[in-house]
Amino acid sequence: WRGDATWVAAGESMTPAFYAGRQTAATLGTSYTVMSLTSERFDTDGCFDLTTFRFTPAVAGTYFLAGGITWNVSSDFDKGEIAIYENGTDVVAYGSWPNRDKNIMVCSTIINDVDTDDYFDLRAKNNDTNHAALGGMDKQFFYGFRIIT
C-alpha cells in the first residue's frame, strides 16, 4: 500500500535503508553532540558513514528517519533532548523529556524530502549535569529508509 489508494508494485524497494547504534554507554553534556553510532545492524547501500556518523542517501526521494536515546538516570534529571540535523545546521526533528528520576528514552521521527547530497545525523544533550546514555543497539539508535511514493 502506497497511501495514495494504490499498491506498491512487486519488486519495488524501500532502499537505501540503514540502522545504526552504539553498543557502549556515552556521556552527554549540556550542548548538542553528534552521537557516535559505531555499529550497524544493516546498511543496504553503504549510506551510513561509521566515521562521521552521518546518513547520506544515494537516492533522492522521501525518507522516514528516526532516532532514540535512553538515558541512565538515577537522580535528578532536568531534561534530555535529541535532534535529527540536516546538513549540519537545520534541526528537522526534535524530542525531549523533562523531570524524571528513572531511565528514560527520548525518540524523534521525521518524514522528509531529500536530495542525494543532503546528510543527517543524530544529536543529543542534557539540560543539567552529565548523564550517560545507556549502551546497546536498542538504547542509542538512528535508522531510516526511502518511502515508495
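Structure: see above.
Residues numbered from 1 in each chain as written. Predicted model: local features only at pLDDT ≥ 70, side-chain atom pairs only at ≥ 80, totals over all residues. Heavy atoms only, no water.

Enquirer: Provide a residue-level description of the overall build of the protein, including the pertinent values.
Expert: Looking only at helices and strands, the protein features 0 helices and 13 strands. Listed N to C, the secondary structure of the protein is β-β-β-β-β-β-β-β-β-β-β-β-β in terms of helices and strands. The buried share of the protein, taken over its 149 residues, is 42%. A separation of at least 24 residues holds for 73% of the contacts in the protein among residues at least 6 apart in sequence. When the accessible surface of the protein is split by element, carbon and sulfur atoms take 49% of a total near 7300 Å². (Helix = DSSP H or I, 4+ residues; strand = E, 2+ residues; numbered from the N terminus. Buried < 20%, exposed > 50% of the residue type's maximum accessible area, 1.4 Å probe, protein only. Contact = heavy atoms within 4.5 Å. Areas by Shrake-Rupley, 256 points an atom, 1.4 Å probe, with all protein chains shown as cover.)

Enquirer: Got a sec to walk through the pairing of strand E7 (residues 61-72)? Specific residues and values, please.
Expert: Of all 12 residues making up E7, 10 are buried, and the element is well covered by its neighbours. For E7 and strand E10 (residues 104-114), the ladder comprises 11 bridges, and the chain directions are antiparallel. Looking at the pairing, Trp-71 lines up with Ile-104 of E10. Sheet analysis places E7 next to strand E12 (residues 131-133), joined by 2 bridges and oriented antiparallel. Residue pairing for E12: Asn-72 is matched across the bridge by Ala-132. (Pairing = 2+ DSSP bridges.)

Enquirer: Give me the lowdown on the environment of Arg-22, citing residues and values where you can.
Expert: Among the secondary structure elements, Arg-22 is positioned in strand E1 (residues 17-22). Accessibility expressed as a relative area gives 15% for Arg-22, which makes it buried. Sequence-distant contacts of Arg-22, defined by excluding residues within four places in its chain, comprise Ser-36, Leu-37, Thr-38, Gly-135, Gly-136, Met-137 and Gln-140.

Enquirer: So what's going on with the packing of aromatic side chains? Residues and values would help.
Expert: To describe a pair of aromatic rings, one takes the distance between the centres and the angle between the planes. The final tally for this structure, using the stated rule, is 11 aromatic pairs. Taking the centre distance of 6.1 Å and the plane angle of 40° together, the rings of Phe-64 and Tyr-143 count as tilted. Of this pair, Phe-64 sits in strand E7 while Tyr-143 sits in strand E13 (residues 136-147), and the two are 79 residues apart along the sequence. By relative accessible area, which is 25% here, Tyr-143 ends up partly exposed. Above the face of the Tyr-119 ring, Arg-54 is positioned so that its terminal group lies 3.8 Å from the ring centre. Over the ring of Tyr-85 we find Arg-123; its NZ or CZ atom is 3.9 Å from the centre of that ring. (Phe/Tyr/Trp six-rings, centres within 6.5 Å; stacked < 30°, edge-to-face > 60°. Lys NZ or Arg CZ within 6 Å of the ring centre and 35° of its normal.)

Enquirer: Please provide a residue-by-residue account of the environment of Asn-87, values included.
Expert: Within the secondary structure layout, Asn-87 lies in the loop between strand E8 (77-86) and strand E9 (90-100). Residues Asn-87 and Thr-56, 31 residues apart in the sequence, show an inter-C-alpha distance of 9.4 Å. Asn-87 has contacts with Asp-117, Asp-118 and Tyr-119, leaving out every residue within four places of it along the chain. Here Asp-118 takes part through its side chain, which lies 3.0 Å from a polar atom of the side chain of Asn-87. (Polar contact = N/O pair within 3.5 Å; in protein donor to acceptor, adjacent residues only side chain to side chain.)

Enquirer: Report on the pattern of salt bridges, specifying residues and quantitative values.
Expert: Oppositely charged side chains can form a pair if their charged atoms are brought close together. Summed over all chains, the structure comprises 2 salt bridges. Taking the shortest distance from any N to any O, the salt bridge between Lys-139 and Asp-138 comes out at 3.6 Å. Taking the relative accessible area as the measure of exposure, Lys-139 reaches 26% and is therefore partly exposed. (Salt bridge = Lys/Arg side-chain N within 4 Å of Asp/Glu carboxyl O.)

Enquirer: Provide a residue-level description of the side chain of Asp-43, including the pertinent values.
Expert: Tracing the sequence through the fold places Asp-43 in strand E4 (residues 39-43). Arg-146 provides the closest opposite charge to the buried, unpaired Asp-43, separated from it by 12 Å. Polar contacts involving the side chain of Asp-43 include one to the main-chain amide nitrogen of Cys-47, which spans 3.0 Å. Of note is the side chain of Asp-43, whose polar atom sits 2.9 Å from the backbone nitrogen of Phe-48. If sequence neighbours within four positions are ignored, Asp-43 has contacts with Ala-17, Phe-18 and Phe-48. (Lys, Arg positive; Asp, Glu negative; His and termini not counted.)

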